[in-house]
Amino acid sequence: VRAAKLIDGQLVVTASESMVTPRVVAFLKARARARLTEASTRYAAQVGRTFGRISIRDTRSRWGSCSSEGNLMYSWRLVMAPPEALEYVAAHEVCHLVHMDHSDRFWGAVQAIYPDYKIQRNWLRKNGEQLHQWVFKD
């Protein structure tokens, strides 16, 4: 089994035509998981909390969530957004480990670890739907 690889800035997929789409999606999900895990770990250390597991899904209604058990969920499509938008969502969800609401204290915590959060929040509001326009079919 040959996975898709990023070589010199190009995604290279060595596979039969029927396997190209699944391998591209698997590559994007793996990259999303790696980036979101790294960002979540970094931000969790900043707020002095730990999280449970990270799950990667293809959600349309939200970019991420944090359960009351401390598990984080993210949309893998964030990997197609600017890196700063992915960072903002990770910071946002990690702050729910401290404040399970969207109170002023919550937004203050987001501001403390990701000062430019409003720029990325607005980018996702304005452009996020474009990330769902990508349809991966066999």
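The shown structure was predicted, so the numbers you read here are calculated from the model rather than taken from an experiment.

Topic: the packing of helix α2 (residues 83-95) against helix α3 (residues 104-113)
Here is step 1 of the chain: For the pair α2 and α3, interaxial distance at closest approach is 9 Å and the crossing angle is 135 degrees. It follows that α2 is oblique to α3 by the angle criterion. Regarding α2 and α3, the two cross each other, and that crossing is right-handed. Across the interface between the two elements, Tyr-88, Ala-91, His-92 and Cys-95 of α2 pack against Phe-106, Trp-107, Ala-109, Val-110 and Ile-113 of α3.

Remarks on the layout of surface pockets
Here is step 1 of the chain: By volume, the largest pocket amounts to about 410 Å³.
Here is step 2 of the chain: For the largest pocket, the lining is made up of 18 residues, of which Trp-63, Gly-64, Tyr-88, His-92 and Glu-93 are closest to its centre.
Here is step 3 of the chain: Taken together, the residues of the lining of the largest pocket break down into seven nonpolar, five polar and six charged.

What to know about the nonpolar core
Here is step 1 of the chain: Grouped together as the largest cluster of nonpolar side chains are 38 residues, with contacts concentrated most on Leu-36, Tyr-43, Tyr-74, Leu-78 and Tyr-88.
Here is step 2 of the chain: When contributions to this core are tallied by element, the ones reaching two or more residues are α1 (17-47), β3 (54-57), β5 (72-75), α2, α3 and α4 (117-131).
Here is step 3 of the chain: If one sorts the elements of this core by residue count, α1 sits on top with nine residues.
Here is step 4 of the chain: Discounting residues that sit within four places of it in the chain, Leu-36 has contacts with Ile-54, Ile-56, Tyr-74, Ser-75, Leu-78, Leu-86 and Ala-90.

Remarks on the sheet that holds β5
Here is step 1 of the chain: A sheet is described by the order of its strands in space; here three strands give the open sequence β3-β5-β4, paired in mixed fashion. Edge positions in the sheet fall to β3 and β4 (64-66), since each has one partner strand and no second. The sheet shows a mean angle of 15 degrees between the axes of neighbouring strands, direction not considered.
Here is step 2 of the chain: Bridge count between β3 and β5: four bridges; the pairing is parallel.

Concerning the environment of Phe-136
Here is step 1 of the chain: Residue placement: Phe-136 occurs in the segment after α4.
Here is step 2 of the chain: On the basis of relative accessibility, which here comes to 27%, the residue Phe-136 falls in the partly exposed class.
Here is step 3 of the chain: As for Phe-136 and Val-24, which are separated by 112 residues in sequence, their C-alpha atoms are 8.6 Å apart.
Here is step 4 of the chain: Discounting chain neighbours no more than four positions away, the residues touching Phe-136 are Thr-21, Val-24, Val-25, Leu-28, Trp-76, Arg-77 and Met-80.

Thresholds, definitions, all that
Residues numbered from 1 in each chain as written. Predicted model: local features only at pLDDT ≥ 70, side-chain atom pairs only at ≥ 80, totals over all residues. Heavy atoms only, no water. Axes fitted to C-alpha atoms, helices over the stretch in contact; angles between N-to-C directions. Helix = DSSP H or I, 4+ residues; strand = E, 2+ residues; numbered from the N terminus. Parallel < 35°, antiparallel > 145°, perpendicular 65-115°, else oblique. Left-handed = near helix turned anticlockwise from the far one by under 90°. Contact = heavy atoms within 4.5 Å. 1 Å grid on protein atoms, 1.4 Å probe; cavity = no way out; pocket = protein on both sides within 12 Å on 5 of 7 lines; lining within 4 Å. Points joined across faces, edges and corners; volume = space filled by probe spheres on them. Nonpolar A, V, L, I, M, F, W, Y, C, P; charged D, E, K, R; others polar. Core = buried A, V, L, I, M, F, W, Y, C linked by side-chain atoms within 4.5 Å. Buried < 20%, exposed > 50% of the residue type's maximum accessible area, 1.4 Å probe, protein only. Pairing = 2+ DSSP bridges.

The values are spatial; any link to function lies outside them.
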